[in-house]
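A closer look at the structure
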Amino acid sequence: MSEQAQAVNNQETRGFQSEVKQLLHLMIHSLYSNKEIFLRELISNASDAADKLRFQALSNPNIYNGDGELRVRLSVDADKGTLTISDNGIGMTREDAISHLGTIAKSGTADFFAKLGQDESKDSQLIGQFGVGFYSAFIVADKVVVRSRSVDVAADQGVQWESQGEGDYTVATITKETRGTEIELHLRDDEKEFLDEWRLRSIVGKYSDHISIPVEILTPERDDEGKETGESKWEMINKAQALWTRNKADISDEEFKEFYKHISHDFAEPLKWSLNRVEGKQDYTSLLYIPSKAPWDLFNRDQKQGLKLYVQRVFIMDDAEQFMPSYLRFTRGLIDSNDLPLNVSREILQDNKVTQALRGACTKRVLSMLERMANNEPEQYATFWKEFGLVLKEGPAEDHSNREKIASLLRFASTHNDDNSQNVSLSAYLERAKEGQDKIYYITADSYAAAKNSPHLEQFKAKGIEVLLLSDRIDEWMMSYLPEFDGKAFQSISKADIDLGQFDSEEEKAQHKEAEETFASVLERTKTYLGDRVKDVRTTFKLSNTPAIVVTDGEEMTTQMAKLMAAVGQQAPEVKYIFELNPEHALIKQMADEADEVRFGRWVEMLLGQALLAEKGSLEDPSQFLAAMNQLLETA
Ligand code: ADP
């Protein structure tokens, strides 16, 4: 059988994974205004393929087989209307082509696509964050033919992959003499501009200058007078020098931004970056970026995170998560070390002194980038906080040594604001603190509204003391790792031991004392009625419009923490509340005047029910509460 016939025999047609179909459809419809990026994506893939080959060559230099000058080439065939991007990188096997070009392997992809399709402008942003990679070829081509040969297989084990970008694709085994991948784009009728050499040169200059391998184009050879000789030659059309090895002063913002897109697969511009070369005890270069948009899978547990690792300019691995703590996992970028061995593996990185030192240095670097942004560019910082604040809130628990610095980067909603914006820093809070106030007061609740309207706030309002309003799920947990800031302790205002007595006048103090004495018997009756349903019954003067509340003391778990544990399926111990009555409230006065013990009991039920409802948002036994209330109303 001839090779050609065998290839046909081996041909099969396969359907795309449904997510790929969706991606193709959405991409073609939402990225039409920025079509040229397909070239960036394909060159970026070729450069990755070269990196991977170089990495394998570290342990097996023979692998190049005489073809060690890695590069990408662009060639056009005006008659056929095709543009071909070819590389001599690692290549793909038939199985690789099926799994890499027919499916999307990222976990959570299905969830991601479920969110798409309603709003075109949003879709295009989301797709940008998702990264369209290879599939972007179909923005400009109505047929794509990929021919590839993996470095691991013989010439007759090449693969040809072909698709019109609709429901399916074909794969066939072919003979390919050279290693690597070529991607032949059959340009759509209205995309023929990409056949033009000068158009291609300008796109490469714009997007791919920083790619470390040469991007070449076939140009006609000219004689001394500039006349074409009929011969042609490959001409390098990019700088072909890894960006981070260049002099910082010579790199433009545009170049930094394009490089970010290359390594992050993000379409949006980065918010900030920092390139640093360190020599001495450690010898490395780091290039770190803070994105402007959270990736779609920021909270996906299996999400790949981390920096690209290079050793002595050679690419070693993607997603080296050892160099960045999890609470800074939004950071993108790379680290190029001269201290790690070239044969470094993930296992070696795990507990390695160099890794530890680099991780510490990268962490500090990111935190100070954020600090500078927070101090000098509050608007940019607000963007950062909106996108990544929730991740940074994991910091106090994860990184003890940088806790104070992380705390200074946190932003909160506060009673100082009229709305729910999280923009109050702890230092701003402390600057506004009252004379003699030695605590940072906060409340945690299920929502901003619940926090803002909590009865616990009444005494703080009355005394003009600011309270931070925390309502993100993670807040309660975070606060348990933040005992203090700038020497001032944090204090949850739903705790019983809050004493704002120092801010009371002498007159108020005397009034309270008197009320307490006359109220003592009411407390006793309430305690007798409730028994061990509550931890204690007390008077309180912190309320103005509310008759009663429940609070917890220092040894008790807070309501929010108990809810948090229940939400993650853990058995939380039952919270025993302290029931506090406001003797100055009209309803409490009525209750105190009630001589009949049965009716007194109904008052207690109703007031305790209200207080629990305000604290927890729900009651274990609503019927008891409702019955008591109805009986009181009937006889009112
Ligand atoms: P990503 O690059 O984000 O992984 P792509 O859709 O661009 O996603 O590519 C999917 C996969 O196809 C790549 O991860 C790589 O394994 C493979 N691939 C794409 N282009 C090439 C190429 N030129 N050479 C070798 N493999 C490639």
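Before going into details, it helps to say that this report is about the structure given with it. Just so it is clear, the structure is predicted and the values come from calculations on it, not from any experiment.

1. Points about helix H19 (residues 506-530)
Helix length check: H19 (25 residues) gives 34 Å between terminal C-alpha atoms against 36 Å at 1.5 Å per residue, within 8%. Bending of H19 peaks at approximately 45° at the position of Phe 519. On the buried face of H19, the contacting elements are strand S20 (536-539), strand S22 (578-581), helix H21 (586-593) and helix H22 (597-616). Just downstream of H19 lies Gly 531, where phi reads positive at about 60°.

2. Side note on the pattern of salt bridges
In the structure shown here, the tally under the stated rule is 50 salt bridges. Across the salt bridge formed by Glu 258 and Arg 40, the nearest N and O atoms sit 3.6 Å from each other. Taken together, the residues Glu 258 in helix H9 (residues 253-264) and Arg 40 in helix H3 (residues 37-59) connect sequence positions 218 residues apart. Each of the two residues, Glu 258 as well as Arg 40, counts as buried. Notably, a salt bridge pairs Arg 54 with Asp 51, separated by 3.5 Å at the nearest N-O pair. Of this pair, Arg 54 and Asp 51 both sit in helix H3, separated by 3 residues, roughly a single helical turn. When salt bridges with common partners are traced through the structure, they connect Arg 40, Glu 41, Glu 254, Lys 257, Glu 258, Lys 261 and Glu 269 into a single cluster.

3. Observations concerning the side chain of Asn 238
For Asn 238, the position within the fold is in the loop between strand S9 (228-236) and H9. Exposure remark for Asn 238: the relative accessible area of 6% places this residue in the buried category. A polar atom in the side chain of Asn 238 sits 3.3 Å from the backbone oxygen of Ser 208. Aside from chain neighbours lying at most four places away, what touches Asn 238 is Val 204, Ser 208, Asp 209, Ile 211, Ile 213, Pro 214 and Val 215.

4. Section: empty space enclosed by the protein
Considering all chains together, one arrives at 1 cavity of 30 Å³ or more under this definition. Considering only enclosed or pocket space, the largest cavity measures out at about 60 Å³ in volume. Along the walls of the largest cavity sit Ser 47, Asp 51, His 210, Ile 211, Ser 212, Ala 242, Trp 244, Phe 259, His 262 and Tyr 310, which together make up its complete lining. When its residues are assigned to classes, the lining of the largest cavity shows 5 nonpolar, 4 polar and 1 charged.

5. What to know about the packing of aromatic side chains
Counted under the stated rule, the structure contains 19 aromatic pairs. Note on Phe 16 and Tyr 169: the rings are 5.1 Å apart at their centroids and 40° apart in plane angle, and the pair reads as tilted. Here Phe 16 is found in the loop between strand S1 (12-15) and helix H2 (18-30), whereas its partner Tyr 169 is found in strand S6 (residues 168-174), with 153 residues between them in sequence. The buried category is assigned to Phe 16, whose relative accessible area is 5%. Members of the aromatic cluster, connected to one another through ring pairs, are Phe 16, Phe 134, Tyr 135, Trp 161 and Tyr 169. The cationic tip of Arg 40 hangs over the ring face of Phe 267; the distance from NZ or CZ to the ring centre is 5.0 Å.

6. Points about the pairing of strand S12 (residues 307-311)
Counting buried residues along S12, 5 of its 5 residues qualify, which places the element largely inside the surrounding structure. For S12 and strand S13 (residues 314-320), the ladder comprises 4 bridges, and the chain directions are antiparallel. From the neighbouring strand, Val 311 faces S13, where its bridge partner is Val 314. Where S12 folds back onto S13 in an antiparallel hairpin, the turn is made up of 2 residues, including Gln 312, whose phi is positive at roughly 45°. As judged from the 4 bridges shared by S12 and strand S14 (residues 332-337), these two strands associate in the parallel manner. Opposite Val 311, over in S14, you have Ser 337 as the bridge partner.

7. A short note on unusual backbone geometry
One non-glycine residue with positive phi stands out, namely Asp 319, at about 50°. Secondary-structure assignment places Asp 319 in strand S13. Assessed through its relative accessible area of 25%, Asp 319 is described here as partly exposed. Backbone geometry at Asp 486 places phi at a positive 50°, although glycine is not the residue there.

8. Considerations on the site of the ligand
Close to the ligand lie Asn 45, Ala 49, Lys 52, Asp 87, Met 92, His 100, Leu 101, Gly 133, Phe 134, Thr 181 and His 265, which account for all nearby residues. The contact in question runs from a nitrogen atom of the ligand to an N or O atom on the side chain of Asp 87, over 2.9 Å. One nitrogen or oxygen atom from the side chain of Thr 181 is found 3.2 Å from a nitrogen atom belonging to the ligand. A total of 530 Å² of accessible area belongs to the ligand in isolation, and the protein chains cover 81% of it. At the level of secondary structure, the elements contributing two or more residues to the shell around the ligand comprise H3 and helix H4 (94-102). The element contributing the most residues to the shell around the ligand is H3, with 3 residues. Partitioned by chemical class, the residues of the shell around the ligand number 4 nonpolar, 5 polar and 2 charged.

9. Structural notes on the sheet that holds strand S18 (residues 484-485)
Pairing is mixed across the open sheet formed by 5 strands, whose spatial order is S15-S17-S16-S19-S18. At either margin of the open sheet sits one strand with a lone partner, and together these are strand S15 (413-414) and S18. Of the pairings in the sheet, the one linking S18 to strand S19 (residues 488-492) comprises 2 bridges and is antiparallel in character. The partner of Phe 485 across the bridge, within S19, is Lys 488.

10. Examining H2
Here H2 spans 18 Å end to end across 13 residues, near enough to the 18 Å set by a 1.5 Å rise per residue. When we look at burial in H2, the residues that qualify are Glu 19, Val 20, Leu 23, Leu 24, Leu 26, Met 27 and Ser 30.

11. Details of the sheet that holds S12
Strand order in the open sheet made by the 5 strands is S10-S11-S14-S12-S13, with mixed pairing throughout. Edge positions in the sheet fall to strand S10 (270-278) and S13, since each has one partner strand and no second. On average, adjacent strands in this sheet sit at an angle of 15° to one another, irrespective of strand direction. On the sheet, H9 packs against S10, strand S11 (284-291), S12 and S14 and is oriented at approximately 85° with respect to S11.

12. Notes on the packing of H22 against helix H23 (residues 622-634)
Between H22 and H23, whose axes approach to 8 Å, the crossing angle comes to 130°. Looking at the two axes, H22 sits oblique to H23. Between H22 and H23 lies a crossing whose hand is left-handed. In this structure, H22 uses Arg 599, Arg 602, Trp 603, Glu 605, Met 606, Gly 609, Gln 610 and Leu 613 to contact H23, whose residues at the interface are Gln 624, Phe 625, Ala 628, Met 629, Gln 631 and Leu 632.

13. A short note on a nonpolar patch on the surface
Together, Phe 55, Leu 58 and Leu 342 make up an exposed nonpolar region whose accessible area comes to about 200 Å². You can see Leu 342 is positioned in the loop between S14 and helix H10 (346-350).

Cut-offs and rules
Residues numbered from 1 in each chain as written. Predicted model: local features only at pLDDT ≥ 70, side-chain atom pairs only at ≥ 80, totals over all residues. Heavy atoms only, no water. Helix = DSSP H or I, 4+ residues; strand = E, 2+ residues; numbered from the N terminus. Expected span 1.5 Å × (residues − 1). Bend = angle between axes of the 7 residues up to and from the residue. Contact = heavy atoms within 4.5 Å. Salt bridge = Lys/Arg side-chain N within 4 Å of Asp/Glu carboxyl O. Buried < 20%, exposed > 50% of the residue type's maximum accessible area, 1.4 Å probe, protein only. Polar contact = N/O pair within 3.5 Å; in protein donor to acceptor, adjacent residues only side chain to side chain. 1 Å grid on protein atoms, 1.4 Å probe; cavity = no way out; pocket = protein on both sides within 12 Å on 5 of 7 lines; lining within 4 Å. Points joined across faces, edges and corners; volume = space filled by probe spheres on them. Nonpolar A, V, L, I, M, F, W, Y, C, P; charged D, E, K, R; others polar. Phe/Tyr/Trp six-rings, centres within 6.5 Å; stacked < 30°, edge-to-face > 60°. Lys NZ or Arg CZ within 6 Å of the ring centre and 35° of its normal. Pairing = 2+ DSSP bridges. Near = heavy atom within 4 Å. Areas by Shrake-Rupley, 256 points an atom, 1.4 Å probe, with all protein chains shown as cover. Axes fitted to C-alpha atoms, helices over the stretch in contact; angles between N-to-C directions. Parallel < 35°, antiparallel > 145°, perpendicular 65-115°, else oblique. Left-handed = near helix turned anticlockwise from the far one by under 90°. Patch = residues over 30% accessible without salt bridge, like charges linked within 9 Å, V, L, I, M, F, W, Y side chains within 5 Å.

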